[in-house]
Amino acid sequence: MLTPTFVLLAVFSLVPFLWAFVTSFYDYEVGGESRFVGLANYAEYLHDPTLATSFTNMLTITVFALCIVMTVPLGIAKLIFSLKSERARYLYRVLFLIPIVVPGVAGMMIWQGMIYNDNGLVNQTLRLFGHDNLTRGWLSDPRTALWAVMFMGFPFAGGINILIYYAGLAGISESVHEAAELDGARGLRKFLRIDVPLVMSQVKLLTILTVIGSVQSFEGMFILTKGGPGFKTMVPGLWMYMNAFSFQRMGYACAIGVILFILILGLTLLNMSYFRSSEDITAEAV
């Protein structure tokens, strides 16, 4: 009964990856002839002028995203879980989930036009408090462009992440809460010593998803900055896309994609090996 699922995964996931892996060894342009070049595409990327900047930007984005996903959604989930009324819990979960229906591109355009624009919310707020000297083109200034893209989505209350953490908190046995209170663990101490260790499975899951998403992501840069100004917001995923569909260098783009795949696979295996889940922590306690 699982065969149809495996067939679909092979056709739509495995076969394209194998095609990209093979194509990465060719000098291939869409509609043109292909020429086998071996590891030349990989060697060229190692000397690419965008390599250092793009990977530095990707690392910055990934670390920033991990810091956010491990703190803000977890804190909000805990606040919702702490409400006494089940109806209030349900209402807040729905409210935080509603923004998901807004298309991501629409959200980015709102940030670009209404918040980061010369007369947008950020600059108007600075002018209101007499800080005209701090106003700038947030997406065109080399010093702020990357940070402006990363701060899209503030205050980072992602509905799915909150629900995942909420499910983890709801799965903690009531007897654990009672034992903690009898031992005098309350408030922040209880949250750090009891709740956080017991939602490590959710932290582990979101860490993997965040790393994969951050390494692969390039939509924000493509829509808002095109990797500029200069290469200040360039990331490997965007450079791969531009080589494939703007420069028609499909073989070179596939080589970049394979490198990103190896990077994601290594980080995922590292996370799976060294990031303890809540089940591991519970087993050690027992």
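Going by the structure above, here's the rest.
Here the structure is a predicted model, which is why all the values come from computation and not from measurement.

A. Structural context of the overall build of the protein chain. When helices and strands are tallied, the protein chain shows 16 helices and two strands. Across its three principal axes, the protein chain shows a C-alpha extent of roughly 70 × 60 × 30 Å. A total of 286 residues make up the protein chain; the buried ones form 37% of that total. Pairs at least 24 apart in sequence give 65% of the contacts found in the protein chain among residues at least 6 apart. A total of about 16,900 Å² of accessible surface is found on the protein chain, and carbon and sulfur atoms cover 69% of it. Each charge sign in the protein chain was given a centre, from 18 positive and 18 negative side chains, and these centres are 8 Å apart.

B. Structural view of the environment of Cys-254. Mapping Cys-254 onto the fold places it in helix 15 (residues 250–274). Exposure remark for Cys-254: the relative accessible area of 8% places this residue in the buried category. For Cys-254 and Gly-137, which are 117 residues apart along the polypeptide, the C-alpha to C-alpha distance reads 34 Å. Not counting residues within four places of it along the chain, the set of residues in contact with Cys-254 comprises Trp-19, Ala-20, Thr-23 and Ser-24.

C. A look at the nonpolar core. Among the nonpolar cores identified, the biggest contains 34 residues, and Tyr-116, Met-152, Met-221, Leu-238 and Trp-239 are the most heavily contacted of them. For this core, the secondary structure elements donating two or more residues are helix 3 (51–69), helix 6 (104–115), helix 8 (145–150), helix 12 (200–216), helix 13 (219–224), helix 14 (236–245) and helix 15. At six residues, helix 3 tops the list of elements feeding residues into this core. Counting 17 residues, the second largest nonpolar core, distinct from the first, contains Ile-162, Ile-164, Leu-169 and Val-203.

About the criteria used
Residues numbered from 1 in each chain as written. Predicted model: local features only at pLDDT ≥ 70, side-chain atom pairs only at ≥ 80, totals over all residues. Heavy atoms only, no water. Helix = DSSP H or I, 4+ residues; strand = E, 2+ residues; numbered from the N terminus. Buried < 20%, exposed > 50% of the residue type's maximum accessible area, 1.4 Å probe, protein only. Contact = heavy atoms within 4.5 Å. Areas by Shrake-Rupley, 256 points an atom, 1.4 Å probe, with all protein chains shown as cover. Lys, Arg positive; Asp, Glu negative; His and termini not counted. Charge placed at Lys NZ, Arg CZ, Asp CG, Glu CD. Core = buried A, V, L, I, M, F, W, Y, C linked by side-chain atoms within 4.5 Å.

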